[in-house]
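Inside the fold
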Amino acid sequence: MTNTASVGRLQGWALVAASALLPSAAAAQQAADPGLLGLLQALDMATRPSMNVTMQGIGSGTVAPGGTLFGSISGSNKRGPDSDDVDGSLSFGAGFGNAATGIGLQASVNVTSVEDRDFGDSGFLSLKFGHSFDRTLHAAIGFDNVVTWGDASDNSVETTVALTRFGHLGGSGGTPYMLTLGAGSHARDDDPGLIAGFGLGLTEYLGASISYSGDYANLGVGVKIPGLKGASVSLTCNDIFDEEDSRRATLSLSFALRNAFGMGG
């Protein structure tokens with residue numbers, strides 16, 4: 001087995017870890033994670049697992065492979081505990097470097113103002129650095145609000161560290177899963193807290209997950225769109241037990257394009 005083939009498999013697993021590649025903004029800025037739910041596993045690669053492993057509601061220990069361009073648009077039926085208004089967000093970014101052989105970088109822009117009258121007036125920049133130790137274990141550290149504007153200008157920098165492992169229930173022939181454990185500087189009532197999540201690949205196109213983002217639990221499903229390479233749709237119920245009086249449904253449409261600008265890692 002060549003080194004090139006090993007690197008290719010590592011990149012394939014990184015593409016599978018789609019869960020919330022872009023971090024969530026403060027509740028006052030947007031209703032839920034900006035999306036990219038079930039995103040990178042939608043890429044049709046020979047090295048990808050046969051099942052659609054996905055996770056919603058928290059960030060993962062992976063970063064997008066170098067040269068990958070990605071984006072998402074999300075809508076929620078509730079802005080937060082203090083508002084029942086419909087809310088939306090837009091995210092886009094790219095991956096740089098090679099996490100399999102060194103440090104990968106993922107940069108993303110999150111737009112939290114998507115209404116016609118103030119589109120783009122509020123948002124923030126996020127950076128995420130990650131490394132793949134082998135084809136099953138990935139670690140990353142991410143920073144939200146590195147640059148802010150508009151209503152997000154008062155947000156402080158938020159840090160999240162996460163470790164993600166991939167495997168199969170019952171051995172190599174079993175159902176594929178991804179398990180994420182981590183901590184965030186603002187995960188629990190704007191104080192440090194733990195995050196965790198577990199996702200399963202149910203079919204080639206369908207995946208499901210449950211996660212805990214520090215304040216509440218999330219339940220989600222992700223579906224790859226057949227015939228539309230690199231595209232996926234996800235539906236998430238955030239705060240499923242209404243612990244923070246912010247139970248809401250979030251629908252996201254995501255895309256990913258590898259080697260978009262000739263920088264495949």
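Thresholds, definitions, all that
For every chain, the first residue of the written sequence is number 1, and numbering continues from 1 onward in sequence order. For this predicted model, a pLDDT threshold of at least 70 governs which residues receive local features, and a threshold of 80 or more governs which side-chain atom pairs are given and counted, while totals over whole chains, interfaces and linings are taken from all residues. To get the side-chain values, take all heavy atoms of the structure and skip hydrogens and water. Confidence per residue, as judged by the predictor, is encoded in pLDDT with a range of 0 to 100. Any two residues whose heavy atoms approach within 4.5 Å are treated as being in contact. Helix and strand assignments come from DSSP, with helices taken as H or I runs of at least 4 residues and strands as E runs of at least 2, each series counted from the N terminus. Remark: exposure states derive from per-residue accessible area (1.4 Å probe, protein chains only) relative to the maximum for the residue type, with buried under 20%, exposed over 50%, and partly exposed in between. A pair of Phe, Tyr and Trp rings is counted when the ring centres sit within 6.5 Å of each other, with Trp represented by its six-membered ring. The angle between the planes then sorts it: under 30 degrees is stacked, over 60 is edge-to-face, the rest tilted. Placement of a positive charge over a ring is assigned whenever Lys NZ or Arg CZ falls within 6 Å of the ring centre and within 35 degrees of the normal to the ring plane.

1. Considerations on the confidence of the model for the protein
For the protein, the average pLDDT comes to 80, and 74% of its residues sit at 70 or higher. Throughout residues 1-39 the model reports pLDDT below 50, and contacts reaching past four residues in sequence, or to other chains, amount to 148 contacts. Here residues 41-49 is a poorly scored stretch, pLDDT under 50, and it has 29 contacts once near neighbours within four places are set aside; other chains count.

2. Considering unusual backbone geometry
Positive phi, close to 60 degrees, is recorded for Asn145, a residue that is not glycine. If you trace the backbone, Asn145 turns up in strand S5 (residues 137-149). You can call Asn145 buried: its relative accessible area is 5%. Unlike most non-glycine residues, Asp190 shows phi in positive territory, near 65 degrees. Here Asp190 shows up in the loop between strand S7 (176-188) and strand S8 (191-201). Its relative accessible area of 55% is what places Asp190 among the exposed residues.

3. What to know about the packing of aromatic side chains
Tallied over the entire structure, the rule returns 2 aromatic pairs. Seen in terms of ring centroids, Phe129 and Phe143 are 6.5 Å apart; in terms of plane orientation they differ by 70 degrees. Their pairing is edge-to-face. Here Phe129 is found in strand S4 (residues 123-132), whereas its partner Phe143 is found in strand S5, with 14 residues between them in sequence. Owing to a relative accessible area of 31%, Phe129 belongs among the partly exposed residues under this scheme. Measuring from centroid to centroid gives 5.6 Å for Tyr177 and Phe198, while their planes differ by 25 degrees, and the two rings are stacked. Taken together, the residues Tyr177 in strand S7 and Phe198 in strand S8 connect sequence positions 21 residues apart. Tyr177 sits in the buried class, given a relative accessible area of 17%. Stacked on the ring of Tyr205, the Lys or Arg Lys224 has its end atom at 5.8 Å from the ring centre.

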